[in-house]
Amino acid sequence: MKNTAPPISPKVTDPKVTDAPRALKRSRPVQVADQIKRWVVERDLRKGDKLPNEAEMIAQFKVSKGTVREAMRILEAQGLIVTKTGPGGGSSVGEVSKDRAMSLLGNYFYFKDLSLSDIYQIRKLLEPEMVANLAGHLDDSTLAELRAMAHQYPEPARSPEEEKQQHISSLAFHARLAEASDNDLLGFVIAFMARILADLTVYRRLYAAPNKELWERGRRHQIELVDALERGDGPGARAIMLSHMEGAETMMNAQEMRITREFMAETPTS
C-alpha cells in the first residue's frame, strides 16, 4: 500500500563503490535533495501526494532547518515539488513537464557550442529507426495531421521571414513524429533535437537566404514519408528519413557557411 514504507535513513557513502572526491564536492542541501527524491521513488509517490512537513524531515535526515529548506528550494526549482502556503498548504510531489525538462536541458547545452553536425549525428541514428517503428501504427487523425503539415507550404519562401517559418514548420513535423512514438525516451530525445535545431536556425540566422533546394527536397521527403507510414512500409520510411537527414545536414552546413561568409564580408575592418 502506498505511503507505508519505513522512513529512509540518510545514505552512507561507501568509498569503495563511489567516487569519494566527487561526493565530497556535493553540498549538504544537494545531498538531502537527492535523499528526498529517493524517498519519493521508493514510496511510489505520484503528482499531488503530500510530503512530510519540515519538522519531520529535520528529524528524518538529521540536518538543520536551513539545510532542509535549501534542499526543498532545489527540488522546487527543478519542478519536482510544489509548495503552497496557508491552510491546507505544505509540499507535495510535482511533475516536470516535457517543455520544462527540455528548457532545463537546453540551458545545459547553451554554452556547449553545438554544431549542426553534432545534432545531425544523433538525428541520423535515431529518426530513421523511429519512423520505421511508426510505419503502419499511426491512426488516421495523426496521418492527416502530418500530411497537412507536409503540404503547408506549397511554394518556396520569398523572404527571410517566410524562410524562417518554413524551417520551424519543418522541424515541428519531426517533433510531431516524435510525439507519436510509443518510446517516451526516444521521442523526447528526437523532439529535443528538433527544438535545438529550431533555436540554432533563429539565432544563427540560417534562414537569412531563402533556399529553394532545401524547401523542395524537404517537402518531397515529408510527403513520401507520410505515404510510407500510411501503407506500413517500415524499410521505405527508414530510407526516406535517412536520405532526408543526410541531405538536410549537407545543405544546412552549406547555408551556415554562406551566411558566415556574407557576415564577414559586411563587417568593417580596422
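Criteria and cut-off values
- Residues numbered from 1 in each chain as written.
- Predicted model: local features only at pLDDT ≥ 70, side-chain atom pairs only at ≥ 80, totals over all residues.
- Heavy atoms only, no water.
- Helix = DSSP H or I, 4+ residues; strand = E, 2+ residues; numbered from the N terminus.
- Buried < 20%, exposed > 50% of the residue type's maximum accessible area, 1.4 Å probe, protein only.
- Contact = heavy atoms within 4.5 Å.
- Areas by Shrake-Rupley, 256 points an atom, 1.4 Å probe, with all protein chains shown as cover.
- Pairing = 2+ DSSP bridges.
- pLDDT = per-residue confidence, 0-100.
- Polar contact = N/O pair within 3.5 Å; in protein donor to acceptor, adjacent residues only side chain to side chain.
- Expected span 1.5 Å × (residues − 1).
- Patch = residues over 30% accessible without salt bridge, like charges linked within 9 Å, V, L, I, M, F, W, Y side chains within 5 Å.
- Salt bridge = Lys/Arg side-chain N within 4 Å of Asp/Glu carboxyl O.

Another aspect to go through is the overall build of the protein. Counting its secondary structure elements, the protein contains eleven helices and two strands. Across the 270 residues in the protein, those meeting the buried criterion constitute 39%. Relative to all contacts within the protein whose residues are 6 or more apart in sequence, the contacts with residues 24 or more apart total 75%. Approximately 16200 Å² of the protein is accessible, and the part contributed by carbon and sulfur atoms is 54%.

Now for the pairing of strand β1 (residues 81-84). Pairing geometry for β1 and strand β2 (residues 90-93), over four bridges, is antiparallel. Within the sheet, the bridge partner assigned to valine 82 lies in β2 and is serine 92. Where β1 folds back on β2, the antiparallel hairpin that results is connected by five residues, among which glycine 86 adopts a positive phi of roughly 90°.

This part takes up the confidence of the model for the protein. Taken as a whole, the protein shows an average pLDDT of 84; of its residues, 86% reach a score of 70 or greater. Element-level mean pLDDT values for the protein span from 50 in helix α1 (residues 20-25) up to 97 in helix α7 (residues 140-150). Across residues 1-24, where pLDDT falls below 50, the model places 24 contacts with residues more than four positions away in sequence or in other chains.

With respect to the helices, strands and loops of the structure, aspartate 49 is situated in the loop between α2 (28-42) and α3 (54-61). Separated by 2.7 Å, the side chain of aspartate 49 and the backbone nitrogen of arginine 46 make a polar contact.

Okay, the environment of arginine 220 next. On the secondary structure map, arginine 220 appears in helix α10 (residues 212-231). Sequence separation of arginine 220 and histidine 244 is 24 residues, and the distance between their C-alpha atoms is 9.3 Å.

Attention now goes to helix α9 (residues 184-203). Taking 1.5 Å as the rise per residue, α9 with 20 residues should run 28 Å; its terminal C-alpha atoms sit 29 Å apart, in good agreement. The opening residue of α9, the one whose side-chain oxygen lies 3.2 Å from the backbone nitrogen of leucine 185, is asparagine 183. Phi turns positive, to about 55°, at arginine 205, one or two residues after α9.

A surface patch of nonpolar side chains, amounting to about 270 Å² of accessible area, comprises Ile168, Val202 and Tyr203. Here isoleucine 168 shows up in helix α8 (residues 160-180). The exposure class assigned to isoleucine 168 is partly exposed, which follows from its relative accessible area of 32%.

Moving on, we get to unusual backbone geometry. For aspartate 44, which is not glycine, the phi dihedral falls at a positive 55°. Inspection of the secondary structure assignment puts aspartate 44 in the loop between α2 and α3. Despite not being glycine, lysine 62 shows a phi value in the positive range, around 55°. With respect to the helices and strands, lysine 62 occurs in the loop between α3 and α4 (65-77). Exposure remark for lysine 62: the relative accessible area of 66% places this residue in the exposed category.

Let's shift gears to the environment of glutamine 165. Checked against the element boundaries, glutamine 165 lands in helix α8. Note on glutamine 165: relative accessible area 34%, which makes it partly exposed.

What follows is about the pattern of salt bridges. Considering all chains together, one arrives at 16 salt bridges under this definition. In this structure, aspartate 44 engages arginine 46 in a salt bridge whose closest nitrogen and oxygen atoms are separated by 2.7 Å. Exposure remark for aspartate 44: the relative accessible area of 38% places this residue in the partly exposed category. Glutamate 249 is paired through a salt bridge with lysine 124; the nearest N and O atoms lie 2.8 Å apart. Note that glutamate 249 is positioned in helix α11 (residues 234-266) and lysine 124 in helix α6 (residues 116-134), a separation of 125 residues in sequence. Of the residues examined, glutamate 249 reaches a relative accessible area of 12% and is grouped as buried.

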